[in-house]
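These are the residues of each chain, in order.
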Amino acid sequence: MHSVSLVKVSSEAKKMHHTENDKKRANFSALNPVNGAIIKTTTTGKPGDVKKIIIKNMKSFPSIPENFEETTWNQLRKAVIAIQTSTPIEYSLECLCQAVSHMCEDKMDSQLYVNLTALVEQHVKANIVPFLSESGDKLVYLKKMNDYWQSHCQQMIMIRSIFLYLDRIYVLNNPTVHSIWEMGLELFRDHIAMNNLVQARTVEGILILIEKERHGDTVDRSLLKSLLRMLSDLQIYRDAFEQKFLMATKHLYQAEGQAKMEELDVPDYLQHVDKRLNEEEERLEHYLDGCTRHQLIVTVERQLINEHVTGILQKGLDQLLEENRLADLTRLYKLFCRVKNGTTELCAHFNAYIKKKGRTIVIDPEKDKSMVQDLLDYKDKMDNIVNTCFEKNEKFGNSLREAFEYFINQRSNKPAELIAKYVDMKLRAGNKEATEEELEQILDKIMVQFRFIHGKDVFEAFYKKDLAKRLLVGKSASVDAEKSMLSKLKQECGGGFTSKLEGMFKDMELSRDINFAFKQSMQNSEHKELQNIDLTVNILTMGFWPTYPVMEVTLPQELLQYQSIFNKFYLAKHSGRKLQWQPTLGHCVLKAQFDAGPKDLQVSLFQALVLLLFNYNAAISFEEIRAAVIIEVGELKRTLQSLACGKARVLTKIPKGREVETTDKFQFNNEFTNKLFRIKINQIQMKETTEEQKATEERVYQDRQYQIDAAIVRIMKMRKTLSHNLLITELYKQLTFPVKPADLKKRIESLIDRDYMERDKDNQNQYNYVA
């Protein structure tokens, strides 16, 4: 075989290279066995001649010298030692690779691998000594370890390049044998890294460097990365380093979390936690192994967040919400999302804050004037926090709605009443600070508050009363806005809720048609003396409109005559109906003559009756006015107060003062001046008195009694027989307003007394329906 003379070839080639360049180098590549033959090539030497190939059988194969294995290994050993000692290699890489190749082909690969392993092991064992001596500076020790590790890796790369043929042929054909690189790692691990003293010093040094960095010092990250990569490559990262590192992390952040919670306020603490987590992410990116990520981040989160969830929420959540600290709330939410039950705890405290804060808005009577606007602003603020800071988390949205529904019903009836009045304020013509689009948005927000109310019948009662005033006095901002609000209520509560309200609008439309026809008939009538009085009448269906008290007053003869004419006109078209005049709802425009010139006074009917008296008398006493118009004392006092003590003082009160007494006298104020031609004098009778408010509440209470009675009868008629507890349960399901068990019991007793139902003779806790 041709491999016999390989060593000689290398030696010869080396000598010839230093002597004559033109001298031919020995070429043993021709000794390539092809079917036991030697291949020769001949040529005539003339240009263009074709080469002839002659193949002859070999008479004998080359023999292997007895000392071939020893000699070749000796050369390879010298090369390996030269690499390990960083000295020049005596032979070329090509020759060394060929030597390895020939040894493998001549069945010496197993022994060659054993020899190489022993040589590398000997070198590694010899290099452990410096790492066992007394260790001074930890950083110096780590650098020395890193230098040796880097050197060992470089050596194994170079050794593997020489023994590449062995690595590819022998190792691949023997699965139980490590590759040369793995063999080098295993030897380093067994004799260096797994040495208890060496490993302890190395890991301790790494942990000290990391701790220094965590305390703000600058450290050599490349050194840490190299050493930790070494532990990972040696497959001892988890056992030797990771557990100790995680334990050190836990102890550090456990102590730090407790100290910082006492030292910092919540926003600063959250920033500190955020900073720490980012720092640990950087360490993972720069030098820690990726397998550590989950446990490391979980450890930091547990010690800095999870252990202090309750403390953070109790210490600072209310302040963050109160001051609308959006950035801090966003950070809080994101951090709490990282720990188990974090968002659940946050949501619970968020809910508690809303209830506590909301209750202070609703429960205090002194805040009634601004309650609804405060609730709207509060809802907007909380919605913004949920959408911006809590990423529109559905759980927080539901909690927000539940909290609003809870606290807004802590004070029965009043929020519903005030919401109805707030809608009235927004829909009145005097309120022009909002465009149609803005008004629509306000109404949408109002509907959100309306949904939270349990006693919607209270809202309906006050809304209906205020709507009546807007329609009758013509103070509605826009018919479209009114219809839009009506549509929203119908969509929310159904047609039954809005049927009466829709009837009110229908009455107003029919009244316009009736007035148009009446005026046409008056033009052709014989009552020419009434032509200078313009009468407009609103025909109201009693079942649709609020109940107004009937108040008898003395009207001028002209008005009485006009009313009589209208009665005949209307009843002629609608026989069988009855008209009942309501003077409390009337309003007039009077023409008045002052020294400064004529003015139009827009007043209520009561105000008009009082002012008309001064056509015949310059000064009139309170009692004389009362006797002339027969208006109830309280109402008359408010009327006179509006004319003599308000902004437009068309009457002068004697003596002067803000309150009207029965002993006062009044005279017409000829010196009255105003830059406007038409002056609207505040219609005191349109303002809601305490009595009117109580009357509205009483009507709501009566309506509820009727609804309870109807529900009980309906249930008993269907079930025939039912126990007390089951009847109460069914009633709670059907009734849409809050009610106490005691009130239900009273209504049941009332129906028993009226023979709608009876107690069972054998079981007093059971009721039977009476057909």
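Everything that follows concerns the structure shown earlier in this document.
In short, a report on the structure. The model shown is predicted, which means the values in this text are computed figures rather than measured ones. (Residues numbered from 1 in each chain as written. Predicted model: local features only at pLDDT ≥ 70, side-chain atom pairs only at ≥ 80, totals over all residues. Heavy atoms only, no water.)

## Regarding the pairing of strand β3 (residues 587-594)
Phase 1 of the analysis: Side chains C588, L590, A592 and F594 project from β3 onto a buried face, and the interleaved H587, V589, K591 and Q593 project onto a face without burial.
Phase 2 of the analysis: In this structure, β3 lies alongside strand β4 (residues 597-604), joined through eight bridges in antiparallel fashion. Residue Q593 lies in a different strand from β4, and its bridge partner there is P598.
Phase 3 of the analysis: Between β3 and the antiparallel strand that follows it, β4, lie two residues. (Buried < 20%, exposed > 50% of the residue type's maximum accessible area, 1.4 Å probe, protein only. Helix = DSSP H or I, 4+ residues; strand = E, 2+ residues; numbered from the N terminus. Pairing = 2+ DSSP bridges.)

## So, the sheet that holds strand β9 (residues 721-723)
Phase 1 of the analysis: The strand order across the open sheet built from three strands is β9-β11-β10, with neighbouring strands paired in antiparallel fashion. The open sheet has two edge strands, β9 and β10 (757-759), and neither has a second partner. Here the strands of the sheet are splayed against their neighbours by 25° on average, with no regard to which way each runs.
Phase 2 of the analysis: Bridging between β10 and strand β11 (residues 766-769) involves three bridges; their strand directions are antiparallel. (Axes fitted to C-alpha atoms, helices over the stretch in contact; angles between N-to-C directions.)

## Focus on the sheet that holds strand β8 (residues 678-680)
Phase 1 of the analysis: Reading across the sheet, the three strands line up as β3-β4-β8 and stay open at both edges, with mixed pairing between neighbours. The open sheet terminates on both sides in strands that have one partner only, identified here as β3 and β8. When strand polarity is set aside, the average angle formed by the axes of neighbouring strands in this sheet is 30°.
Phase 2 of the analysis: Its contacts with the sheet put helix α25 (residues 605-613) on β3 and β4, and the angle it makes with β4 is roughly 135°. (Contact = heavy atoms within 4.5 Å.)

## With respect to the pattern of salt bridges
Phase 1 of the analysis: Scanning all chains against the criterion turns up 45 salt bridges.
Phase 2 of the analysis: With a shortest N-O distance of 3.3 Å, E204 and K138 are connected by a salt bridge. In this pair, E204 sits in helix α9 (residues 196-214) while K138 sits in helix α6 (residues 138-162), placing the two residues 66 residues apart along the sequence.
Phase 3 of the analysis: A relative accessible area of 39% means that E204 is categorised as partly exposed.
Phase 4 of the analysis: Taking relative accessible area as the criterion, K138 reaches 26% and is therefore assigned partly exposed.
Phase 5 of the analysis: Within this structure, E213, R214, R221, E280, E282 and R283 form a network of salt bridges that share partners. (Salt bridge = Lys/Arg side-chain N within 4 Å of Asp/Glu carboxyl O.)

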